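For reference, the chains in residue letters:
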Amino acid sequence: MVIKLEKTLSSDMNARIIGSGKETLVLAHGYGGDQSVWDKVLPGLSQTYQVVVFDWSFSGAIKDPNTLFDPAIYCCYDAFSDDLTALLEELNLDSTVFVGHSMSGMIGCIASIKKPHLFKRLILIGSSPRYVNSESYEGGFDIKDIEQLFSTKTVFLSDHCDILEKVVIPCTIVQTTNDIVVPLSVVEYMMKMIKGESTVEMIDTVGHFPQLTAPLKLLEIIDRLMNVCLS
């Protein structure tokens, strides 16, 4: 079952509600992608749960003319987190399980601090609070590498380390065994800094997109976590 949405923000963000169930999963894609990144796991999830998918304002899937995205506004994750909470409120959803891939993991963390009643668990897939190395932090990239590869992209120059100690919603960090974007040192840091209950689930696959390279394993992890939410 697919519910067509008529309201302004949800239609602008191509939001869809698929499936039905007592629990609601919200799937948020990362930088450079769109909601199709979830296509391998969406059929399995929607058999049991109500699933929300959408496209961020920067996505190429947003219809032209893209009146939603303004670089001056979306220069930080705060604006994205405001879109997320506004979307959930427009859809009359609360106590959701948020599944954020890459940059969306941090967006979900920020949103959960602002409006914790909208979330009951955060599942952070390949997420990082900071990508640039410092003397006391290994993020995976030196600043010169970022400048050469990505110019001044917001996602790779962001630093949200300070928000982790404010996150009280239970979190599960999902990490592949070989992610060139997010090293294991970031997972260890996040586990140490997140204030609320946090756990780690490792997926034995290569790359930054386990929903594409190991969808069955990711489905298994999400199902297990959903059972915890129901218990």
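- Within an unreviewed UniProt entry, the label attached to the protein chain reads AB hydrolase-1 domain-containing protein, and the organism entered is Lactuca virosa.
- Under the UniProt heading Sequence similarities (unreviewed entry), the note attached to the protein chain is "Belongs to the AB hydrolase superfamily."

### Focus on unusual backbone geometry
Consideration 1: Even without being a glycine, Asn92 presents a positive backbone phi close to 60°.
Consideration 2: Within the element layout of this structure, Asn92 appears in the loop between helix H3 (77–90) and strand E5 (96–101).
Consideration 3: For Ser95, which is not glycine, the phi dihedral falls at a positive 50°.
Consideration 4: Its place among the elements puts Ser95 in the loop between H3 and E5.

### Considerations on the pairing of strand E8 (residues 198–206)
Consideration 1: Pairing of strand E7 (residues 171–178) with E8 involves seven bridges; the strand directions are parallel. For Thr176, the partnering residue across the bridge sits in E8 and is Ile203.
Consideration 2: Assessed by its sense of winding, the connection that carries the chain from E7 through helix H7 (residues 184–193) to E8 is right-handed.

### Observations concerning the environment of Ile194
Consideration 1: Tracing the sequence through the fold places Ile194 in the loop between H7 and E8.
Consideration 2: Residue classification places Ile194 among the buried positions, given a relative accessible area of 5%.
Consideration 3: Note: C-alpha distance between Ile194 and Cys161 (33 residues apart in sequence) is 9.5 Å.
Consideration 4: If we ignore the near neighbours within four places in the chain, the residues touching Ile194 are Leu164, Val167, Cys171 and Ile173.

### Some points on the pairing of strand E6 (residues 119–125)
Consideration 1: The element E6 is extensively covered by neighbouring structure, given that six of its seven residues are classed as buried.
Consideration 2: Between the parallel elements E5 and E6, the chain passes through helix H4 (residues 103–114) in a crossover that is right-handed.
Consideration 3: When E6 meets E7, the two strands line up parallel, connected through four bridges. For Ile123, the partnering residue across the bridge sits in E7 and is Thr172.

### Looking at the environment of Asp78
Consideration 1: Within the secondary structure, Asp78 is located in helix H3.
Consideration 2: Residue class for Asp78 comes out partly exposed when judged on its relative accessible area of 37%.
Consideration 3: Along the sequence, Asp78 and Thr172 sit 94 residues apart, while their C-alpha atoms lie 21 Å from each other.
Consideration 4: Every residue in contact with Asp78, bar those within four places of it in the chain, is listed here: Ile110 and Lys114.

### Examining the UniProt feature "domain: AB hydrolase-1" (unreviewed entry) in the protein chain
Consideration 1: The UniProt record marks residues 24–133 with the feature "domain: AB hydrolase-1" (unreviewed entry), using the residue numbering of this structure.
Consideration 2: Segment residues 24–133 splits into 28% helix and 20% strand. End C-alpha atoms: 36 Å apart.

### Brief notes about the packing of aromatic side chains
Consideration 1: In total, this model carries seven aromatic pairs according to the counting rule given.
Consideration 2: Arranged with centres 5.7 Å apart and planes meeting at 85°, the rings of Trp56 and Phe80 form a pair that is edge-to-face. Of this pair, Trp56 sits in the loop between strand E4 (50–53) and H3 while Phe80 sits in helix H3, placing them 24 residues apart in sequence.
Consideration 3: Residue Trp56 is classed as buried on the basis of its relative accessible area of 0%.
Consideration 4: Measuring from ring centre to ring centre gives 6.1 Å for Phe98 and Phe119, while their planes differ by 90°; the resulting arrangement is edge-to-face.

Procedures and definitions
- Residues numbered from 1 in each chain as written.
- Predicted model: local features only at pLDDT ≥ 70, side-chain atom pairs only at ≥ 80, totals over all residues.
- Heavy atoms only, no water.
- UniProt positions renumbered as here; feature names shortened; annotations may be inferred.
- Helix = DSSP H or I, 4+ residues; strand = E, 2+ residues; numbered from the N terminus.
- Pairing = 2+ DSSP bridges.
- Right-handed = clockwise from strand over helix to strand, strands pointing away.
- Buried < 20%, exposed > 50% of the residue type's maximum accessible area, 1.4 Å probe, protein only.
- Contact = heavy atoms within 4.5 Å.
- Phe/Tyr/Trp six-rings, centres within 6.5 Å; stacked < 30°, edge-to-face > 60°.

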